[in-house]
Amino acid sequence: MGNSLLTQTAKALLITSALAMTTFAGAALPTQWQLDNSHTRVGFSVEHLGFSTTMGRFDDVDGTLNYDIKTPNKTQMNFVIGTDSINTAWAARDKHLKTDDFFDVAKYPTMTFKSTQVNFINPQQAKVTGDFTLLGKTMPLTLNVTLKKIANSPMNNKPVIGFRATGNIDRAAYGMTTFADGITTNVPIQIDGELIEKSTK
């Protein structure tokens, strides 16, 4: 009984979201978007020796999205993250992470993601596969993306897309093997953010 109610509620929410997005499809929404940096966070976590979970983020991130609500599977996504902006709330650790033991920020100041395929499972959820480049090595990466909300902001009445993207990066596959026996090499990532209309300036 409880599971049935939860299923019905989930379906109702999905239908409501789909109807809302269909309504927006008829409106003059932009197709070129950019990250609102003030409302975007790129986070990650690693296990430390099995004792604790260390969490961090990157503070310098830039991204654009070519997204037309009428043709969602033609979406194109690009992200550029400044490796020097790593922040784990511990200065000594961050300093070490910037060396050639890990991100080697002097040689590789950015890591990038460029989508190659977008497959919307439903109006709110998509699997986005792309080329992820870290330490000069490029490999495919798939992100699970959820469009949380598409609406006009009550702050300025301009359209906003709220989203979450999750995935896993095998740092060892990119050559980042330092302390692989004590710090997990499979690194979960989570990007929470907002997209606004791309500036023409």
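Counting restarts for each chain, with residues numbered from 1 along the sequence as it is written. Side-chain atom pairs in this predicted model are given and counted only at pLDDT of 80 or more, local residue features only at pLDDT of at least 70, and totals for whole chains, interfaces and linings cover all residues. For the side-chain quantities, the full set of heavy atoms in the structure was used; hydrogens and water were omitted.

### Brief notes about empty space enclosed by the protein
Grid spacing is 1 Å over the protein atoms alone, the probe is 1.4 Å, and a cavity is where that probe fits but cannot get out, while a pocket is an open set with protein on both sides within 12 Å along at least five of seven lines and lining residues have an atom within 4 Å of a point. Grid points are joined across faces, edges and corners, and a volume is the space filled by probe spheres set on the points. Applying the stated criterion to the full structure yields two cavities of 30 Å³ or more. In this structure, the largest cavity spans a volume of roughly 140 Å³. Looking at the largest cavity, it is lined by 14 residues, and the ones nearest its centre are L65, T75, M77, V145 and L147. Only runs of H or I of at least four residues qualify as helices and only runs of E of at least two qualify as strands under DSSP, and these elements are numbered from the N terminus. Residue assignment for the lining of the largest cavity shows that the elements contributing at least two residues are β4 (61-66), β5 (76-82), β7 (110-120), β8 (125-134) and β9 (137-152). Polar here means any residue outside two lists: the nonpolar Ala, Val, Leu, Ile, Met, Phe, Trp, Tyr, Cys and Pro, and the charged Asp, Glu, Lys and Arg; Gly therefore counts as polar. The class makeup of the residues in the lining of the second largest cavity is five nonpolar, no polar and one charged.

### Topic: the pattern of salt bridges
Salt bridges are defined as contacts in which a side-chain nitrogen from Lys or Arg sits within 4 Å of a carboxyl oxygen from Asp or Glu. Applying the stated criterion across every chain, the model contains three salt bridges. Residue R57 is joined to D59 by a salt bridge in which the shortest nitrogen-to-oxygen separation is 2.6 Å. Residue classification places R57 among the partly exposed positions, given a relative accessible area of 32%. In this scheme, a residue with accessible area under 20% of its type's maximum is buried, one over 50% is exposed, and one in between is partly exposed, where area comes from a 1.4 Å probe on protein chains only. You can call D59 partly exposed: its relative accessible area is 45%. Of the charged contacts in the structure, one is a salt bridge between D192 and R164, with a shortest N-O distance of 2.6 Å. With D192 in strand β11 (residues 186-197) and R164 in strand β10 (residues 159-170), the pair connects residues that are 28 residues apart, well separated along the chain.

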